[in-house]
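Given next are the chains, with one letter for each unit.
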Amino acid sequence: TCALPICLNAPHSEMHPLKLAFVAAAIAVSGCASYKPIAEDYSGPTANIADSGIVDDTTKAQVFALTDIDGNKVGNSFVASAQASQGHGFALSSRFIDRAVPVRPMKLTLRGSHITAAPIQAMALQLAGRFYSVEGVVDFTPMPGGKYVVRGELKAEGSSVWLEDEATGQVVTAKVSKK
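Residues numbered from 1 in each chain as written. Predicted model: local features only at pLDDT ≥ 70, side-chain atom pairs only at ≥ 80, totals over all residues. Heavy atoms only, no water.

J.: When you look at the sheet that holds strand β1 (residues 46-50) in this model, what are you seeing that I'm missing?
T.: One key point about sheets: their strands pair by backbone hydrogen bonds, in either a parallel or an antiparallel sense. Pairing within the open sheet is mixed, and its five strands lie in the order β5-β1-β8-β9-β10. Each having just a single partner strand, β5 (98-102) and β10 (176-178) make up the two edges of the open sheet. Each strand of the sheet is rotated relative to its neighbour by a mean of 25 degrees, with strand direction disregarded. (Pairing = 2+ DSSP bridges. Helix = DSSP H or I, 4+ residues; strand = E, 2+ residues; numbered from the N terminus. Axes fitted to C-alpha atoms, helices over the stretch in contact; angles between N-to-C directions.)

J.: What is the right way to read the nonpolar core from this model?
T.: As a rule of thumb, nonpolar side chains are buried together in soluble globular proteins. In this structure, Ile49, Leu66, Leu108, Leu110, Val150 and Leu163 are the most contacted members of the largest nonpolar core, which totals 19 residues. Elements represented by at least two residues in this core include exactly β1, β3 (60-69), β6 (106-116), β7 (133-140), β8 (147-153) and β9 (159-165). Isoleucine 49 has contacts with Leu66, Asp98, Arg99, Val101, Leu108, Phe140, Tyr148, Val150 and Leu163, leaving out every residue within four places of it along the chain. Counting residues in each nonpolar core, the second largest holds seven residues, with Ala61, Val63, Ala65 and Ile115 among its members. (Core = buried A, V, L, I, M, F, W, Y, C linked by side-chain atoms within 4.5 Å. Buried < 20%, exposed > 50% of the residue type's maximum accessible area, 1.4 Å probe, protein only. Contact = heavy atoms within 4.5 Å.)

J.: Which parts of the structure should I look at to understand the pairing of β6?
T.: Within a regular strand, side chains alternate between the sheet's two faces. Burial within β6 is extensive, with 10 of its 11 residues counted as buried. Sheet topology note: the β3/β6 ladder contains nine bridges and is antiparallel. Looking at the pairing, alanine 61 lines up with isoleucine 115 of β6.

J.: What exactly am I supposed to notice about the confidence of the model for the protein here?
T.: The predicted structure's coordinates, where accompanied by low pLDDT, should not be read in detail. In this model, the protein carries an average pLDDT of 82, and 80% of its residues clear a pLDDT of 70 or more. Within the model, the stretch residues 1-31 combines pLDDT values under 50 with 37 contacts to residues more than four positions away or in other chains. (pLDDT = per-residue confidence, 0-100.)

J.: Looking at this model, I keep getting lost on helix α2 (residues 77-85). Mind explaining?
T.: Since the α-helix advances by 3.6 residues per turn, residues separated by three or four positions end up pointing in the same direction. Across the nine residues that make up α2, a large majority, eight, are buried. N-cap assignment for α2: the residue whose side-chain oxygen lies 2.8 Å from the backbone N of phenylalanine 78 is asparagine 76. Just beyond α2, the residue with positive phi is glycine 87, at close to 85 degrees. (Polar contact = N/O pair within 3.5 Å; in protein donor to acceptor, adjacent residues only side chain to side chain.)

J.: Help me understand unusual backbone geometry, please; the structure alone is not making it clear to me.
T.: Trans is the prevailing form of peptide bonds, just as negative phi is the prevailing case for residues other than glycine. Backbone geometry at aspartate 70 places phi at a positive 50 degrees, although glycine is not the residue there. By the secondary structure assignment, aspartate 70 is in the loop between β3 and β4 (72-73).

J.: Just to check I follow, could you spell out the pattern of salt bridges for this structure?
T.: Evaluation of the coordinates by the stated rule reveals seven salt bridges. Aspartate 70 is the partner of arginine 104 in a salt bridge, and the nearest nitrogen-oxygen pair spans 2.8 Å. With arginine 104 in the loop between β5 and β6 and aspartate 70 in the loop between β3 and β4, the pair connects residues that are 34 residues apart, well separated along the chain. On the basis of relative accessible area, arginine 104 is assigned to the partly exposed category, the value being 28%. In this structure, glutamate 135 engages arginine 111 in a salt bridge whose closest nitrogen and oxygen atoms are separated by 3.8 Å. Taken together, the residues span a long stretch of sequence, with glutamate 135 in strand β7 and arginine 111 in strand β6 at a distance of 24 residues. Overall, the relative accessible area of 13% leaves arginine 111 in the buried class. (Salt bridge = Lys/Arg side-chain N within 4 Å of Asp/Glu carboxyl O.)

What follows is the structure, encoded as structure tokens:
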């Protein structure tokens, strides 16, 4: 089920065009998360993976997030920030979340990107060449009780995203890079 807190079943004539554009952008960027990394009946060891980011100003931020586990969309900071910013015009309410994961080998989709509250602002930044993003899949097996954080950098000359151990800062996955 989708967690976006607005009615998508309303006729288009009842939905404000900006709200419709926002919803379309939020879904395109992140999709709806329904997969829970830890099944209700799971009793094995777990680890924690946190998203991170940098708030550039009141309208734009950089987000580095885990978006999929083994091809299944999970709740992430792109979705949480879009939900928190809905109805606030150009004001971005950044939210950085974390989630428990089972201890087992997995394929993680990591994404780093600029985000804005208003889709029109994102489009303008893209046209100006000041909106960067990178995404890719990495292999990872967490340690029991481990705490990890998605980190990255967004630059004109190349962007990267990776997972690191929260306590040591040691990179624990391959770096996904885009030039």
